[in-house]
Amino acid sequence: MTITQKIIAKHCDKSDVLPGEFVEGNVDIILANDVTGPLAINEFEKIGAKDVFSSEKIVLVPDHFTPCKDIKSAELVKTLRNFAKKYKVRFYEIGKVGVEHALLPEEGLTLPGNLIIGADSHTCTYGAVGAFSTGVGSTDVAAAMVMGKVWLKVPSTIKFYYYGNLSKYVGGKDLILYTIGRIGVNGALYKSMEFTGPVIENLPMDDRFTICNMVIECGGKNGVIPPDEKTIQFTKEVSGKEIDINWIKTDTDNDYEKIIEINCNEIQPQVSAPHLPSNSKDVREFSNVKIDQVFIGSCTNGRISDLRKSAKIFKGKRVHPEVRCIVIPATQKVYKQALKEGLIDIFLDSGCVIGPPTCGPCLGGHMGVLGKGEVAIATTNRNFVGRMGHPESYVYLSNPEVASASAIKGKITHPDEI
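This text gives an overview of the structure that appears in the document. Here the structure is a predicted model, which means the values were calculated and not measured. (Residues numbered from 1 in each chain as written. Predicted model: local features only at pLDDT ≥ 70, side-chain atom pairs only at ≥ 80, totals over all residues. Heavy atoms only, no water.)

1. Focus: the overall build of the protein
Regarding its fold elements, the protein presents 14 helices and 18 strands. Expected size for 418 residues packed as a compact globule is a radius of gyration near 22 Å; at 20 Å, the protein falls within 12% of this value. Along the longest, intermediate and shortest principal axes, the C-alpha atoms of the protein span 60 × 50 × 40 Å. Here the protein holds 418 residues, and 60% of them are scored as buried. For the protein, the proportion of contacts with a sequence separation of at least 24, taken over those separated by at least 6, is 76%. Of the roughly 16,200 Å² of accessible surface on the protein, 50% is carried by carbon and sulfur atoms. (Helix = DSSP H or I, 4+ residues; strand = E, 2+ residues; numbered from the N terminus. Rg over C-alpha atoms; globule rule 2.2 N^0.38 Å. Buried < 20%, exposed > 50% of the residue type's maximum accessible area, 1.4 Å probe, protein only. Contact = heavy atoms within 4.5 Å. Areas by Shrake-Rupley, 256 points an atom, 1.4 Å probe, with all protein chains shown as cover.)

So, in structure tokens, the structure goes:
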């Protein structure tokens, strides 16, 4: 079996499962946010549920429209708050909240070998620690909160093998944008994407989270990276637990549906053009694109290593006078660390504005909505029509260094030009 099959089988109390098989698995963590959580709670109450199956395994994270931007968003968060208080489930209120997919790993809630579901499509992020993690609908979350189970069709697995050397300014974001561009938005439809090879093994955990975060952008059911010593160290740091990872590995290459090899020597910093993440090319192909806004943050690239990379580009330089640049640390801990290291000072001195941990601009929610005809480059994961605001606005995706260099130049720019 593959890693994904093994984890699913273990949570179904079965010796094996096959691709295409329908199963019911026991969940380790259930996640919902301020957009999807109230819908799940409504269904929970509609079916007459009297209690949750486990208060420890349910996590509610209001992060999309918080700090609450209006009365409606305040009411959504209030619904989560009341539910959490009534059933004593995990709830991250403002002041201790963060962008959910950066927050949960940081809190040690996502562990190797776990089966995790979330009412958010980027729940696939947690495959970076060697978990089976996938997004589901709010009704599935409601049922899981009662039963502690989720139904799944076991996906087949595509192995992605990365070899060669990474060029300067190329990291996890560029690898996944390049991969999506190569296979297309439906290239891994309902497949498990397993990322392997010497390049992946050398990546730090933050880059691994970025890669797994975006598997949904090419249709993937889940992404997973075989856990190793880096995974063990990270897990121990955030949770204090030592997890046996020896069983979390694919048995043979024969267990994969197919294997795709990627030569990383060929990959330069990537930019994805509107309106699909699969429109990825070398950053230099967009050198004439002027921009109005830059957003550095989100569950894809709002971690401390992302801010360090960004600050290194900004240090001693200024944001272009016709550009606004928004920087949002993904969690309170990331914000505090950025303050400690002087990164926030660098951003402020450069003319950036700093926001509290929130998804905000990523989904066109608040704190950075685009107007008609405006162009943005963002470190986010999605650039669909109207994603960050007006349906006639345009979003380009990139890594933090490219976004920062572009903010300084006023147009999409390779960091080497700064």
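Now that the structure has been shown, we can carry on.
2. Looking at helix H3 (residues 71-87)
Helix length check: H3 (17 residues) gives 24 Å between terminal C-alpha atoms against 24 Å at 1.5 Å per residue, within 8%. Within H3 the residues assigned to the buried category are Ser73, Val77, Leu80, Phe83, Ala84 and Tyr87. Buried residues of H3, viewed axially, fall in a sector of 120°; they line one side. When the buried face of H3 is taken as reference, the exposed residues oriented beyond 90 degrees from it are Ile71, Lys85 and Lys86. Its buried side turned inward, H3 meets strand E2 (29-33), helix H2 (37-46), strand E3 (58-61), strand E4 (90-91) and helix H5 (138-147). In this structure aspartate 70 caps H3, since a side-chain oxygen of it lies 3.4 Å from the backbone nitrogen of lysine 72. Phi turns positive one or two residues past the end of H3, at lysine 88, with a value near 60°. (Expected span 1.5 Å × (residues − 1). Arc of directions from axis to C-beta. Polar contact = N/O pair within 3.5 Å; in protein donor to acceptor, adjacent residues only side chain to side chain.)

3. Structural notes on the sheet that holds strand E9 (residues 192-196)
Taking strand neighbours across the sheet as the criterion, the four strands line up as E10-E9-E8-E11 in an open arrangement whose pairing is parallel. Two strands in the sheet have a free side with no partner beyond their single neighbour: strand E10 (222-224) and strand E11 (258-263). Adjacent strand axes in the sheet meet at a mean angle of 20°, parallel and antiparallel pairs treated alike. Bridge analysis of strand E8 (residues 157-163) against E9 gives five bridges, and the strand direction is parallel. From the neighbouring strand, tyrosine 161 faces E9, where its bridge partner is threonine 196. On top of the sheet, helix H6 (residues 172-183) reaches E8, E9 and E11; it is set at about 125° to E11, its chief contact. (Pairing = 2+ DSSP bridges. Axes fitted to C-alpha atoms, helices over the stretch in contact; angles between N-to-C directions.)

4. Some thoughts on the nonpolar core
Across soluble globular proteins, you tend to see nonpolar side chains buried next to one another. In this structure, Tyr162, Leu175 and Phe195 are the most contacted members of the largest nonpolar core, which totals 53 residues. Top contributing element to this core by residue count: H6, with five residues. Non-local contacts of tyrosine 162, meaning those with residues more than four positions away in its chain, are made with Leu175, Thr179, Phe195, Thr196, Gly197, Pro198, Val199, Ile200, Ile262 and Cys264. Membership of the second largest hydrophobic core comes to 40 residues, among which are Ile7, Leu60, Val77 and Leu80. (Core = buried A, V, L, I, M, F, W, Y, C linked by side-chain atoms within 4.5 Å.)

5. Structural notes on the pairing of strand E1 (residues 22-26)
Alternating positions in E1 separate cleanly, Val23 and Gly25 being buried on one face and Phe22, Glu24 and Asn26 remaining unburied on the opposite face. As defined by bridge partners, E1 adjoins strand E7 (residues 149-153) across five bridges and the pair is classed as antiparallel. Each residue of the ladder has a partner; that of phenylalanine 22, found in E7, is lysine 153.

6. Let's talk about the packing of aromatic side chains
A complete count under the given rule lists ten aromatic pairs for this structure. With a centroid separation of 5.2 Å and 90° between ring planes, the pair formed by phenylalanine 44 and phenylalanine 83 is classed as edge-to-face. Taken together, the residues phenylalanine 44 in helix H2 and phenylalanine 83 in helix H3 connect sequence positions 39 residues apart. You can call phenylalanine 44 buried: its relative accessible area is 0%. Taken together, a centroid distance of 5.5 Å and an interplanar angle of 65° make the contact between phenylalanine 209 and phenylalanine 234 edge-to-face. A residue pair is termed long-range when its members are at least 10 positions apart, and phenylalanine 209 in helix H8 (residues 205-213) and phenylalanine 234 in helix H9 (residues 229-239) qualify at 25 residues. A network of ring pairs unites the aromatic residues Phe44, Phe83 and Tyr87 as a single cluster. Lying over the aromatic face of tyrosine 190, lysine 153 brings its terminal NZ or CZ to 5.1 Å of the ring centre. (Phe/Tyr/Trp six-rings, centres within 6.5 Å; stacked < 30°, edge-to-face > 60°. Lys NZ or Arg CZ within 6 Å of the ring centre and 35° of its normal.)

7. A word on the side chain of glutamate 401
Within the element layout of this structure, glutamate 401 appears in helix H14 (residues 400-409). Beyond its immediate sequence surroundings of up to four residues, glutamate 401 is in contact with Tyr169, Lys309, Ile313 and Pro415.

8. Things to note about the pairing of strand E15 (residues 324-327)
Bridge count between strand E14 (residues 293-296) and E15: four bridges; the pairing is parallel. The partner of isoleucine 296 across the bridge, within E15, is valine 327. Pairing analysis gives two bridges linking E15 to strand E16 (residues 353-354), with the strands arranged parallel. Following the sheet pairing, valine 327 is matched in E16 by isoleucine 354.

9. What about the sheet that holds E3?
Pairing between the strands of a sheet is mediated by backbone hydrogen bonds and can be parallel or antiparallel. Within the open sheet, the five strands sit side by side as E4-E3-E2-E5-E6. Their pairing is parallel. Each edge of the open sheet carries a strand with a single partner, namely E4 and strand E6 (132-135). Summarising the sheet, strand E5 (residues 115-118) and E6 pair through four bridges and their orientation is parallel. Residue pairing for E6: leucine 115 is matched across the bridge by phenylalanine 132.

10. What about the packing of H8 against H9?
For the pair H8 and H9, interaxial distance at closest approach is 11 Å and the crossing angle is 100°. Between H8 and H9, the crossing angle belongs to the class labelled roughly perpendicular. In this structure, H8 uses Met205, Arg208 and Phe209 to contact H9, whose residues at the interface are Lys230, Thr231 and Phe234. Counted by class, the contact of H8 with H9 contains three nonpolar, one polar and two charged residues. (Parallel < 35°, antiparallel > 145°, perpendicular 65-115°, else oblique. Nonpolar A, V, L, I, M, F, W, Y, C, P; charged D, E, K, R; others polar.)

Read these as layout, nothing more, since geometry by itself doesn't imply function.
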